[in-house]
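Structural features, examined
Single-letter residue listing:
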Amino acid sequence: MESNGDIRDMKMREASIPLSVQDTDGEEEEEEFRDEMAKNRGQWGAKLDFMLSMLGYCVGLGNVWRFPYLCYRNGGGAFLIPYLLFLTFAGIPLFMMEMSFGQYGSLGPLTIWRACPIFKGIGYGMVVVSGLVCIYYNVIIAWTLHFLFSSFTSALPWASCDNAWNTENCTLAANHSALDENVTRISPTQEYWNNRVLGISSGIEETGTIQWELALCLLGAWVVVFFCLFKGIKSSGKVVYFTATFPYMMLIVLFLRGVTLEGAGKGLVYYLTPDFSRLADSQVWYDAASQIFYSLGIAFGGTQVMASYNKFNNNTHRDSVFIALSNCCTSVFAGVVVFSILGHMAHKLDMDVKDVVANGPGLVFVAYPEALTLLPVAPLWSVLFFFMIFTVGLDTQFVMLETCITGICDEFPHIMGKYKTWVLLVVSVVMYFLGLTCVTNAGMYWLNLMDWYSAGFSLMVLAFFMCVAISWVYGFQRFCKNVQEMIGYQPNYYFKICWAVISPMVLLFIVVFSMVVHVPAYYGPYQYPNWAICIGWFMAMLSIVMVPLFVVLAILKAKGSFMERLRYACESSDDWGPALVNASSATSSQSDEAEKKIPLEDTEGKGSSTYISTI
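The shown structure was predicted, so the numbers you read here are calculated from the model rather than taken from an experiment. (Residues numbered from 1 in each chain as written. Predicted model: local features only at pLDDT ≥ 70, side-chain atom pairs only at ≥ 80, totals over all residues. Heavy atoms only, no water.)

**A short note on the overall build of the chain**
Helix and strand counts for the chain come out as 24 helices and four strands. Relative to its 615 residues, the chain shows a buried fraction of 58%. Counting every atom, the chain has about 25,200 Å² of accessible surface; 64% of that belongs to carbon and sulfur. (Helix = DSSP H or I, 4+ residues; strand = E, 2+ residues; numbered from the N terminus. Buried < 20%, exposed > 50% of the residue type's maximum accessible area, 1.4 Å probe, protein only. Areas by Shrake-Rupley, 256 points an atom, 1.4 Å probe, with all protein chains shown as cover.)

Laid out in structure tokens, this is it:
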């Protein structure tokens, strides 16, 4: 027996189609309406545009430095076991859920919660998270531009110790016995990074001045992002033909060069040798889950936004599985490239591999540049490498910023069209000025604080609520039927079981465990003051608080007893359905006032007809 939600869906689709196209001869006219509305909102120019954009979004900086680091820290090859398990039971199912949800509604992260208005705060939370990450993510791209421009020279500036920014502790010596045992060796790359690029201060309390070179690089990064997006989704769809494919070409070149270097096998053995005893450590499982989470971009809203520009009948089942597996394989392949070079570096410096790998930004901007100095024709390899990092970061930045812009424009449609470019410009300018805090002498501390809190715990909470909202409130059976409307068949039992039970439980585990093992933010030996930790938690809660806030607002806007208000707030809005169909009926209704509201039969025993607006 069909549920009230199913009946409402069917009647909505009937009501949303003009009477002139409800007969068997009107299919072509209905299709014309869909195409016209798709052009007004924007749509992918070709199927390949979407696939490359999603690959570029998912394959980001986390694949280059975060996965290899987590892999060797958590038992080498043994880390792949929990990694693949979380990919199977959480990553792929949630990735398909978000992609299918966005494609069915063809709406931004805010407006799409017409499906379940009480959880609209999830959409606002996604926009907040993407906005916060956009601010500091472009700073990382600015660092990349700094290294890229500095590589156009006959000798890399971080390859020697005779520069103005070097100290007496700088040394190129591989023989530690020749050094004072009480003196810690500092590589010229480390000093270039801290003293030349960052001009890093002693702590977040010491703001210092703006590093003008980084400020210009940040401005350049925002200009590139703006001009790649200002013409809408079609312009960015063409840009990714290069930005999404070049990193793969560069990785292949680095792979061929890396595995032929002396000592490369030392790094690969360290990377792939499993230490199964580490599987008893719960932190290993948490790191594996978080890596799947971050690399696929679940609950950022980006997947949903990109899918919303698809054609209605695009096969999300095939696309989600292919992109998720491609992302996983890219991470593993990037690890091979990374550790072959690090093995060569360890061999040259007569050090263990674990001693030449730094965490986080240190791996990209310290260990990699130092490894590049050991390659023949180092400036050439440095230019190619940092241009690859630039394109990898750019793809992810495109999607996160598009999430914010689409959310605003779909929620307030009167500013779409010619005003969308101005919205993009204003948002870009505001984010640029906010990002200037990250290019001061204390900028590294601010960026690390934002990265620690803005997209960590809060992202997991939003994903849990998204899964609960779609699977348990909207109804996973109803959602499966929506998917069937698009791709022609229902998802298999693997997806159904994961959506209904396994994935929510996995997310709940991640949320609870992240609270249990939480430690305050730190940067190396530096411990943040309490006021900075409070700012970090404010950024984390800024997105989480949106969920209960809009729950309260949805209940207050309804009428009746508390349970009646709650039930009404959980029901889909009258205008929920495939957005392009609903929009086409709005166009038709402007010429016929009688079609503005269509009475439906009482399906819930309330004794009165329900009127559904086609606008």
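Okay, back to it.
**Considering the side chain of S454**
Within the secondary structure layout, S454 lies in the loop between α18 (443-453) and α19 (457-487). Since its relative accessible area comes to 0%, S454 is described here as buried. Discounting residues that sit within four places of it in the chain, S454 has contacts with V129, L132, V133 and Y136. (Contact = heavy atoms within 4.5 Å.)

**Topic: unusual backbone geometry**
Leave glycine aside and you will find that most residues have negative phi; peptide bonds, for their part, are mostly trans. Its identity as a non-glycine residue notwithstanding, A299 has a phi of 75°, on the positive side. Examined against the element boundaries, A299 turns out to sit in the loop between α12 (282-296) and α13 (302-308). When its relative accessible area of 0% is taken as the criterion, A299 is described as buried. Even without a glycine there, the phi angle at V377 is positive, about 55°. Structurally, V377 is set in the loop between α15 (361-372) and α16 (378-411). With a relative accessible area of 55%, V377 lands in the exposed category.

**Focus: the packing of helix α6 (residues 120-150) against helix α17 (residues 420-435)**
Across the interface, α6 lies against α17 with an axial gap of 9 Å and an inter-helix angle of 65°. The two elements α6 and α17 cross, and the hand of that crossing is right-handed. For the pair α6 and α17, contact is made by G131, C134, I135 and V139 and by M431, L434 and G435, respectively. Looking at the contact of α6 with α17, its residues break down into five nonpolar, two polar and no charged. (Axes fitted to C-alpha atoms, helices over the stretch in contact; angles between N-to-C directions. Left-handed = near helix turned anticlockwise from the far one by under 90°. Nonpolar A, V, L, I, M, F, W, Y, C, P; charged D, E, K, R; others polar.)

**Examining the state of the cysteines**
Taken as a whole, this structure holds one disulfide when the rule is applied. Across the disulfide from C161 sits C170; the S-S distance is 2.1 Å. An S-S torsion of about -75° defines the bridge between C161 and C170 as left-handed. By relative accessible area, which is 11% here, C170 ends up buried. Cysteine C116 is unpaired, with the sulfur of C570 as its nearest cysteine sulfur at 5.4 Å. (Disulfide = S-S within 2.5 Å.)

**Topic: the environment of I140**
Along the polypeptide, I140 turns up in helix α6. The sequence separation of I140 and L447 amounts to 307 residues, and the corresponding C-alpha distance is 9.0 Å. Apart from the residues lying within four places of it in its own chain, the contact partners of I140 are L61, F365 and L447.

**Here we look at the side chain of D395**
Inspection of the secondary structure puts D395 in helix α16. A relative accessible area of 3% places D395 in the buried class. For D395, the residues in contact, after removing those within four places along its chain, are G56, Y57, V240, T243 and A244.

**So, the pattern of salt bridges**
Applying the stated rule across the entire model yields five salt bridges. A salt bridge links E213 to R196, with the shortest nitrogen-to-oxygen separation between them at 2.9 Å. A residue pair is termed long-range when its members are at least 10 positions apart, and E213 in helix α8 (residues 212-229) and R196 in helix α7 (residues 188-198) qualify at 17 residues. The class for R196 is partly exposed, based on a relative accessible area of 27%. For D319, the salt bridge is made with R318, and the minimal N-O distance between the two is 3.4 Å. We classify D319 as buried; its relative accessible area is 1%. (Salt bridge = Lys/Arg side-chain N within 4 Å of Asp/Glu carboxyl O.)

**With respect to the environment of N441**
Position of N441 among the secondary structure elements: in the loop between α17 and α18. For N441, a relative accessible area of 14% corresponds to the buried category. In the structure, N441 is positioned 240 residues away from S201 in sequence and 5.3 Å away in space, judged by C-alpha atoms. Those residues within four positions of N441 in sequence are excluded, and the remaining contacts are L198, G199, I200, S201, T207, G208, T209 and Q211.

**Points about the packing of helix α5 (residues 80-105) against α19**
Here α5 crosses α19 at 65°, and the two axes come no closer than 10 Å. Classified by the interaxial angle, the pair formed by α5 and α19 is roughly perpendicular. The element α5 and its partner α19 pack so that their crossing is left-handed. Here α5 contributes L94, M96, M97, E98, S100, F101, Q103 and Y104 to the contact with α19, which in turn contributes M466, C467, I470, S471, F479, N482, V483, E485 and M486. (Parallel < 35°, antiparallel > 145°, perpendicular 65-115°, else oblique.)

**A word on a nonpolar patch on the surface**
Taken together, Y493, I497, V501, M505, L508, V512, M515 and V516 make up a surface patch of nonpolar side chains, about 810 Å² in accessible area. The class for V516 is exposed, based on a relative accessible area of 63%. (Patch = residues over 30% accessible without salt bridge, like charges linked within 9 Å, V, L, I, M, F, W, Y side chains within 5 Å.)

**Some details on helix α10 (residues 246-258)**
The terminal C-alpha atoms of α10, which comprises 13 residues, lie 18 Å apart, in line with the 18 Å expected from a rise of 1.5 Å per residue. Those residues of α10 not exposed but buried are F246, P247, M250, L251, L254 and G258. Buried residues of α10, viewed axially, fall in a sector of 130°; they line one side. (Expected span 1.5 Å × (residues − 1). Arc of directions from axis to C-beta.)

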